Amino acid sequence: MADKDVDAHSGVETTGHAWDGIKELNNPLPRWWLIVFYISVVWSIAYWVLMPAWPGISGYTKGLRNHSERENVAEQITALEAARADDTRRLLEAPSMQAIENDPGLHQFAMAAGASLFGDNCATCHGAGGQGFKGYPNLNDDAWLWGGGLDDIRRTIAYGRRSDHPETTNTVMLAYGRDGILSRDQISDLTHYVLDLSRQEHDDAAAERAAPLFAQQCAACHGAAGTGDRTQGAPNLTDVIWLYGGDRASIYETLWNGRAGVMPAWEGRLSDEAILALSVYVHSLGGGE
């Protein structure tokens, strides 16, 4: 038998392999590591046999257990719906939205369901707390374009605003500049008139020139005093709450290009009880009427 080659520097036996004068030391893996590795190999083979594992062209191997997380989730959802069936029935049978708020147990159920629905479907646009962003209404204040009552909110959620639902509303803010309805000078004067309505710094002469224009072009929707009209979704121009910004540049842009924000219709996408629960939750955020 040939003598074992031992590295002089480390005192470790070599494998006999050498490259460019560098010898490969024979340092085998610890026995415990090898045991764990072999157990993992056996475990993986057993998993492949028992559980869904290998993808194919038109499907995947089902495994001997025929396990499906999709089916498990569906069963859990069915069980949850069964547990909530009584509260759901009471929610749907409530004689009015106000009756839901007046029933502590039912109101609590609606609030819990509504909070979850809001996070999943509404928070992307309106914010986690309903605070809104530019172009997306703040649901915490008391300025409602279409009304802040429970039934108003339910209608907005169910049918949307300027959506594709047949029951939606489609009024829009005209693009006075882009569509050539008014000149740049006229739009500039109207901008100062709106600034005057909201008690901001403005040019008095320009606002005075724009008064007849406002009466002719704007009062039909916003009212003669500029206080708005909820039946048309026309905002109040006399307060300090602005959906797209209330500074001079933002108002000018609104007059020039118009506004036509869309609230999607959730009827058909959410169940009737979900829309009811969501309406109660939105009403509770602080700006409901």
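Because the structure is a prediction, the values reported are computed rather than measured. Residue positions are given per chain, counting from 1 as you read along its sequence in written order. Side-chain atom pairs in this predicted model are given and counted only at pLDDT of 80 or more, local residue features only at pLDDT of at least 70, and totals for whole chains, interfaces and linings cover all residues. Hydrogen atoms and water are omitted, and side-chain values are computed over all heavy atoms in the structure.

## Description of the pattern of salt bridges
Stage number 1. Criterion for a salt bridge: a side-chain nitrogen of Lys or Arg within 4 Å of a carboxyl oxygen of Asp or Glu. Using the criterion set out here, one finds seven salt bridges in the structure.
Stage number 2. Where Lys 23 meets Asp 5, a salt bridge forms, and the shortest distance between an N and an O atom there is 3.3 Å. Of this pair, Lys 23 sits in strand 2 (residues 22–25) while Asp 5 sits in the segment before strand 1 (14–19), placing them 18 residues apart in sequence.
Stage number 3. Sharing partners across several salt bridges, the network here consists of Asp 86, Arg 89 and Glu 93. Strands are runs of DSSP state E lasting at least two residues, helices are runs of H or I lasting at least four, and both sets are numbered from the N terminus onward.

## A short note on the domain arrangement of the protein
The parts lose accessible area when they come together, and the size of an interface is often stated as this lost area.
Stage number 1. Segmenting the protein into domains produces domain 1 (14–60), domain 2 (72–162 + 264–284) and domain 3 (184–257).
Stage number 2. Taking only C-alpha atoms, the centre of domain 1 and the centre of domain 3 are 74 Å apart. For the purposes of this description, domain bounds are those given by an automatic or database domain assignment.

## A word on the packing of helix 8 (residues 184–197) against helix 10 (residues 248–257)
Stage number 1. An axis is simply a line fitted to the C-alpha atoms; with a helix, the fit covers only the stretch in contact. Between two such axes, the angle follows the N-to-C directions and lies from 0 to 180 degrees. Two numbers describe how helix 8 lies on helix 10: the axes approach to 9 Å, and their chain directions differ by 130°. Put simply, helix 8 runs oblique to helix 10. For the pair helix 8 and helix 10, the crossing hand works out as right-handed. Across the interface between the two elements, Arg 184, Ile 187, Ser 188, Leu 190, Thr 191, His 192, Val 194 and Leu 195 of helix 8 pack against Arg 248, Ile 251, Tyr 252, Leu 255 and Trp 256 of helix 10.
Stage number 2. Classifying every residue of the contact of helix 8 with helix 10 by side-chain character gives eight nonpolar, three polar and two charged. Here the angle decides the label: under 35 degrees means roughly parallel, over 145 means roughly antiparallel, 65 to 115 means roughly perpendicular, and every other value means oblique. By definition, turning the near helix anticlockwise from the far helix through less than a right angle yields a left-handed crossing, and turning it clockwise yields a right-handed one. Whether two residues are in contact is decided by their heavy atoms, any of which lying within 4.5 Å being enough. Residues were grouped as follows: Ala, Val, Leu, Ile, Met, Phe, Trp, Tyr, Cys and Pro as nonpolar; Asp, Glu, Lys and Arg as charged; and all remaining residues, including Gly, as polar.

## Some remarks on the nonpolar core
Stage number 1. Put simply, buried Ala, Val, Leu, Ile, Met, Phe, Trp, Tyr and Cys residues joined by side-chain atoms within 4.5 Å make one nonpolar core. Buried, partly exposed and exposed residues are distinguished by accessible area as a fraction of the type maximum, computed with a 1.4 Å probe on protein chains only: under 20%, between the cut-offs, and over 50%, respectively. Counting 28 residues, the largest nonpolar core has Leu 91, Ile 100, Phe 118, Ile 157, Leu 270, Leu 278 and Val 282 as its most contacted members.
Stage number 2. Secondary structure elements with two or more residues in this core: helix 4 (97–102), helix 5 (104–121), helix 7 (150–159) and helix 11 (272–284).
Stage number 3. Considering each element in turn, this core owes the most residues, eight residues, to helix 11.
Stage number 4. Excluding anything up to four places from it in sequence, Val 282 contacts Phe 118, Leu 139, Trp 144, Ile 153 and Ile 157.
Stage number 5. In this structure, Leu 190, Leu 195, Cys 218 and Ile 251 belong to the second largest nonpolar core, which totals 18 residues.

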